[in-house]
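Survey of secondary and tertiary structure
Here is what each chain is made of, one letter per residue.
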Amino acid sequence: MVLYFVLMVHLTAGNPANVQHNITVSGYISDAETGERLPGASVYCETSKKGTISNNYGFYSLTLPAGNKQLIFRFVGYQPVIAQFTAQSDTTLHIGLFSRNLVSEVEVKARGEQSEVISQELGVNRLTARSVEKIPVVLGEPDLLKSLQLLPGVSFASEGATGFSVRGGSPDQTLILLDGVPVYNVNHLWGFMSLFNNDAISGAMLHKGSLPARFGGRLSSVLDIQMKEGNLKEKSGTFTLSPVAGRYTIERPLVKEKASFIVSARKTWLDIPLLLAQKLGGAGAPSLTYGFWDINAKTNWIIGPHDRIYFSFYTGRDAFIHEDGGGREKDYFKFSYHWQNLTTVLRWNHIFSPKVFANFSAYNSRYRQEYYGHFGKRDKNYFRNYNQLADWSVKGDFDWFLETGNHVRSGFLVSFMEFNPSVSAFRNDSVAVVVNNDQASHNFITEWYGEGDWKFTRRISAGIGIRAGVMQTEGEIYPSFHPRIAIKYKMSGIVTGQLAWARMKQYLHQLQNTAMGIPAELWVASTPGAKPGRSDLFSAGVFIRPETGYLFAGEIFWSHFNKLLQYRSAGHIIQGRGERWEDFVTFGSGAARGIELMAEKTTGTLTGWIAYTLSKSS
C-alpha cells in the first residue's frame, strides 16, 4: 500500500505566466526523519512527461517548461510525494520522504512501486539495508554479501573462500566500493561473514551487465555500497547481540540540520568459548582462538547551500592463533594469521549551477595479510610472511543535467598504488634472513571517462560511454580505451528490451592459494611480464512490469576474458630469495555464458523475489 502526500508550492518569479520558456528545478531528496540523502530516487513530471533520478548524493535536476508543474518523487521503501507548484524561473526544491514503516491504518490504492531488487537497467540489482534485514539469516547476522547470493548470476566459489563470483568472473574481477573507495578484502571468518556491517550501510547497487563508464579497473562487475551519513535531526542508536557478534551504532547531529556523524562498531564473540575451552583443558593443552572486529565512521558538514563535506573511515581486523607444545619447550609451536583493511576518504560536493553537480574525492585504501610461525625456542626460531597493498587516489566526478533531459557524466581518476607481494623473514637459532623486501612494485594510473544517457525517440534510448587512460609500471606503459554502450527499446507500456556491450581492463590481479589450509591472497600489479587483463561483456534482456506490483526480468549474457593468471600449482606461497611471483604463474583466457530469470513482487502483505540461473564457464 502507498500513501501519497501532496506538497503545494507556489514559486513565481521573473517572466509573466503567459511567456513560455524553460526552467530548471533542482535540489536534494532526503529522508524526512534523519536528513539522510537518498541516491537513486526517481523524479517524474506528470505534465511534461519527463523524469530523472537523483545521483549518489541525492541531488537531482530537471529542466521543464515554465508554468504549473506536478512532480512525483519516489524511492524504495518510502512514501511517494507529489509536489504541485507554479514556477517561472529556476527553482530549488528539497524534498523529504517518509518511510512506509511509519504508516498504519491507511487504505489507499496501490500504484507503480519501485523495485527493491530489480532495476530496469540491464544487469543491475539494488539492495537496501532494509531489504537485507528482511532476508532470513544464519546466526542472526544480516549480511549484504550473503544476500547477494540470492541474486541471479552471483555465487561463492567454495564455502569459506573469500570473495564471490559474478557471471563466471573470479572474486578479484569485481570492483567493490565502500563510499567510492575500493576495498580489497571483504570477508570476516574466511568468507562466512562480510565486513559490511548492515547497521552502517544504507544500500548497494550491483552492476553486472551494462557497466557505466564511470566504473573501471575490474573485468566482470561492480558492487557500489553507500554508508549512512548520520542523523541530522536527532540522536539515535542501536545495540544488537547475535550468537556470533555484538553491534553498537550511534548517530547524532553535531549541529542540527548542518552536521552529523555516525559510528558503528562490531565484534565477534567466537573467541570467548574458545578461550573457555582452553582454560578447561588446563596448562599445556593446545589452544585455538579466532576473533574479528570492525569500525565504520562517517561525518558530514553542510557548509552552505552549494557545498557539503564528507569524511568516511573503515577499519577491521581478523586474527587466528593456534598454539601447542604439550608444555614442552622443544615441542612448542605457534601459528598466527591475520588480515586487515583500512579505508579513508574525504569528499567535497559542490553545486556549480542548477544543472552542474560535482564531487571531488581523495582516498586511501590499504590491505595487509600476515602470518607467523614460532617453533622450538620461542624467541629464536620463527618464520614470518606478509603481503600488502596501498592505494592513494584523487578523483573528480561531474554530473551535467542538460535542458534536453539528457544526463551526462564525466570525471577523472589519478591513482598511485604500491604492492609488496611476498616479504618473508626466517630465523633459526642465530641465523636471520629477510627475503624479497626489495621487490615492491608501483603503479601510476590516470584515467578519464565520459558517458551520457540519450533519448533518441519516444521508444529508443541509449547509454553511451568511454573510459580511457594509461598505466605506468616498472618502465612499461599500458594505454587503455574502453567503450560502453547500452540500448533500450520500449516495446510497450510494460515491456522493455535492452542490449549492452562493455569492454573492461584490470591493472591488478589476485593470486589465491590454499596450500597451507588457509585462503592466502596475494594482490599483485601488472608488470612488463604480466599484462593487464581484458574482458568483453555482452548481455541482452527483457523486462516486464505489469501495473499489479510485479516485475519479471530475463537476461542472457556472454563474457570473454583475456590475460588471466593463476598459480601453476598450489605449492608456491613463500618465495625464495630473488624469486618473483611471475615465476610461478601461468596465463590464459576464459569465457562465461548463461541465462538469468527473476521475478519480484513489490506490493501486498507478502513481498520477495525468486531467481534462477543457468550458466557455464570455461
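In this report, the structure presented in the accompanying data block is examined.

Cut-offs applied
- Residues numbered from 1 in each chain as written.
- Predicted model: local features only at pLDDT ≥ 70, side-chain atom pairs only at ≥ 80, totals over all residues.
- Heavy atoms only, no water.
- Salt bridge = Lys/Arg side-chain N within 4 Å of Asp/Glu carboxyl O.
- Helix = DSSP H or I, 4+ residues; strand = E, 2+ residues; numbered from the N terminus.
- Buried < 20%, exposed > 50% of the residue type's maximum accessible area, 1.4 Å probe, protein only.
- Pairing = 2+ DSSP bridges.
- Contact = heavy atoms within 4.5 Å.
- Polar contact = N/O pair within 3.5 Å; in protein donor to acceptor, adjacent residues only side chain to side chain.

1. Regarding the pattern of salt bridges
Scanning all chains against the criterion turns up 18 salt bridges. A salt bridge links Arg 167 to Glu 555, with the shortest nitrogen-to-oxygen separation between them at 2.8 Å. Taken together, the residues Arg 167 in the loop between strand E12 (165-166) and strand E13 (174-178) and Glu 555 in strand E36 (residues 550-567) connect sequence positions 388 residues apart. The same class applies to Arg 167 and to Glu 555, which are both buried. Glu 370 serves as the salt-bridge partner of Arg 368, at 3.0 Å between the closest nitrogen and oxygen. Overall, Arg 368 belongs to the partly exposed group, its relative accessible area being 24%.

2. A closer look at the sheet that holds strand E18 (residues 221-227)
Pairing within the open sheet is mixed, and its 5 strands lie in the order E10-E17-E18-E13-E14. Each edge of the open sheet carries a strand with a single partner, namely strand E10 (124-128) and strand E14 (181-182). When E13 meets E14, the two strands line up antiparallel, connected through 2 bridges. Each bridged residue has a counterpart across the sheet, and for Leu 178 the counterpart in E14 is Val 181.

3. Considerations on the pairing of strand E31 (residues 476-490)
Summarising the sheet, strand E30 (residues 460-473) and E31 pair through 14 bridges and their orientation is antiparallel. Bridging from a neighbouring strand, Gln 472 pairs with Ile 477 of E31. The turn joining E30 and E31, which pair antiparallel and follow one another in sequence, is formed by 2 residues; a positive phi near 50 degrees is taken by Glu 474. Inspection of the sheet shows E31 paired to strand E32 (residues 495-506) by 7 bridges, in the antiparallel sense. Following the sheet pairing, Lys 488 is matched in E32 by Gln 498.

4. Quick look at the environment of Leu 551
Structurally, Leu 551 can be placed in strand E36. Distance in space between the C-alpha atoms of Leu 551 and Ile 494 is 9.4 Å, their sequence separation being 57 residues.

5. Structural notes on the environment of Arg 218
Note that Arg 218 resides in the loop between strand E17 (201-207) and E18. Considered as a pair, Arg 218 and Met 504 are 286 residues apart in the sequence and their alpha carbons are 6.6 Å apart. The contacts of Arg 218, once residues within four sequence positions are left out, are Asp 172, Gln 173, Thr 174, Leu 175, Tyr 184, Met 504, Lys 505, Gln 506 and Leu 508. At 3.3 Å, the side chain of Arg 218 forms a polar contact with the backbone oxygen of Asp 172.

6. What about unusual backbone geometry?
Here the phi dihedral of Lys 49 falls at roughly 60 degrees; this positive angle occurs in a residue that is not glycine. Among the secondary structure elements, Lys 49 is positioned in the loop between strand E3 (42-45) and strand E4 (50-53). The backbone of Asp 179 shows a phi angle near 55 degrees, a positive value even though the residue is not glycine. On the accessibility criterion, Asp 179 (5% relative accessible area) is buried.

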